[in-house]
Every structure is written in structure tokens, then in C-alpha cells.
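Coordinate inspection notes
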Amino acid sequence: MGDERKHYGPLENLDGRWAVGDSTLLGGRWVELRADGMVLHVGDAEGELIDWSRVTSGIRIQVGRFARGGGDAAGGGFDYPWPSKRPGIGYLFLTLRDPDESRRLTFNRHPEHYKSEEVLLAAELMASTIAAGEAHRLGDPEWLDRAVTRVAGITGWTMRSVPAELVKEALERED
């Protein structure tokens, strides 16, 4: 039986488990979103659990070779096309509390190109959920599946649109 894998930008759902990055890449790096927090995986090894209560609204996703240098809150440094012989990387930047610190979690990108709007809206979905004090929802696979489906339904928007408003409207929409 094959896996049921789909992704929206760097957000990936593999058989009901959500992650940031390509969780199927042998020896790769990806961030699992669990009920109790997020965990960086490197190959077969699990890293530290970062409890949702520690994650503040300072979260962003960046992809591309220029991503290390900062950039806007959601995404930046898009470098199309990225090499196909080796996986590209992306970053999940976090601001944590207790103790206050900044983290950069590196993940491998999927082999398919990410659309810039998918990266921006996926990052905004995560950031707005955390800013609303509901970070734990990112670890609820059913909620996140519905949220990503709604955000993926956003079409025809321009860069003049405010991603935060688009995501808010999508999440408030009735099924």
C-alpha cells in the first residue's frame, strides 16, 4: 500500500502526520508537528521536543539560497529552479520563550517546486495560529488538514493582498 502524501508548500501531510519539509528523504531533515510540540528529525534520529507553549508569534518560513540572511516574516529568497541532484533546504525560524531564544530549524525541501504563494500562505497560517494563542492546533492533524485545505483554496490573489487577512478569512469560512 502506498503512502498518502501531499504537501502545500513546505507543509506536508503523510498518512495523517503533518510536517515541515520532506519527511521521506533518506537521511533528510524535517520538522514533525505533534500534539505536544514540534520535533526536528535528522535521518532516523529525533531531536528535542519544542513544546507549543514556548513558541511565540515570531515564526517564519524561508526557502532558497538567500534565506539565511533574514527577510520578510513569511518567506524569501526563492531560488527557482533549485538543483535536482540534491535536495534543497529551507528554514523554519522560531522565537521561543522560557528562556527567550531564537532558533533556526533546517529542513529539506520536496523535489517539486514550491509556489511562492504556497510558502507565504503556509507561513502565515502557522504565524497567525501562533499569534492567536492557538499554537497547539498545529499539532492537531485533523484541524491542520482542514486549515490547509481552506488556505489552499485561496486563488487569484495578488501580492498587494495582505496574506494575514486572506488566511483569516479562509479559516473563518464554513465548510
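Anyway, here's the lowdown on the structure attached to this text. Note that the structure is predicted; figures quoted are calculated from it, not measured.

Considerations on the packing of helix α1 (residues 116-131) against helix α2 (residues 141-152)
The contact between α1 and α2 brings their axes to 10 Å, and the two run at 130°. What the angle tells us is that α1 and α2 run oblique. Note that α1 runs across α2; the crossing there is right-handed. Contact residues: Leu121, Leu125 and Thr129 in α1; Trp143, Leu144, Ala147, Val148 and Val151 in α2.

So, the packing of aromatic side chains
In the structure shown here, the tally under the stated rule is one aromatic pair. On the numbers, 5.9 Å between centres and 40° between planes, the contact of Tyr91 with Phe93 is tilted. Of the two residues, Tyr91 and Phe93, both sit in the buried class.

Quick look at the nonpolar core
One finds Leu11, Leu33, Met38, Leu92, Leu94 and Leu125 to be the most contacted residues of the largest nonpolar core, which totals 39 residues. Element by element, the count of residues in this core is highest for α1, at eight residues.

Quick word on the sheet that holds strand β3 (residues 17-20)
By way of backbone hydrogen bonds, the strands of a sheet pair with one another, either parallel or antiparallel. Pairing is antiparallel across the open sheet formed by six strands, whose spatial order is β1-β2-β3-β4-β5-β6. Two strands bound the open sheet, and with one partner strand each, they are β1 (5-8) and β6 (45-51). Each neighbouring strand pair of the sheet contributes to a mean axis angle of 25°, computed without reference to strand direction. Relative to strand β2 (residues 11-14), β1 is paired through four bridges, and the arrangement is antiparallel. Among the inter-strand pairings, Lys6 is bridged to a residue of β2, identified as Asn13. Sheet strands in contact with α1 are β1, β2 and β3, and its direction is about 90° off that of β1.

Cut-offs applied
- Residues numbered from 1 in each chain as written.
- Predicted model: local features only at pLDDT ≥ 70, side-chain atom pairs only at ≥ 80, totals over all residues.
- Heavy atoms only, no water.
- Axes fitted to C-alpha atoms, helices over the stretch in contact; angles between N-to-C directions.
- Helix = DSSP H or I, 4+ residues; strand = E, 2+ residues; numbered from the N terminus.
- Parallel < 35°, antiparallel > 145°, perpendicular 65-115°, else oblique.
- Left-handed = near helix turned anticlockwise from the far one by under 90°.
- Contact = heavy atoms within 4.5 Å.
- Phe/Tyr/Trp six-rings, centres within 6.5 Å; stacked < 30°, edge-to-face > 60°.
- Buried < 20%, exposed > 50% of the residue type's maximum accessible area, 1.4 Å probe, protein only.
- Core = buried A, V, L, I, M, F, W, Y, C linked by side-chain atoms within 4.5 Å.
- Pairing = 2+ DSSP bridges.

Interpretation in functional terms is not warranted from these geometric data alone.
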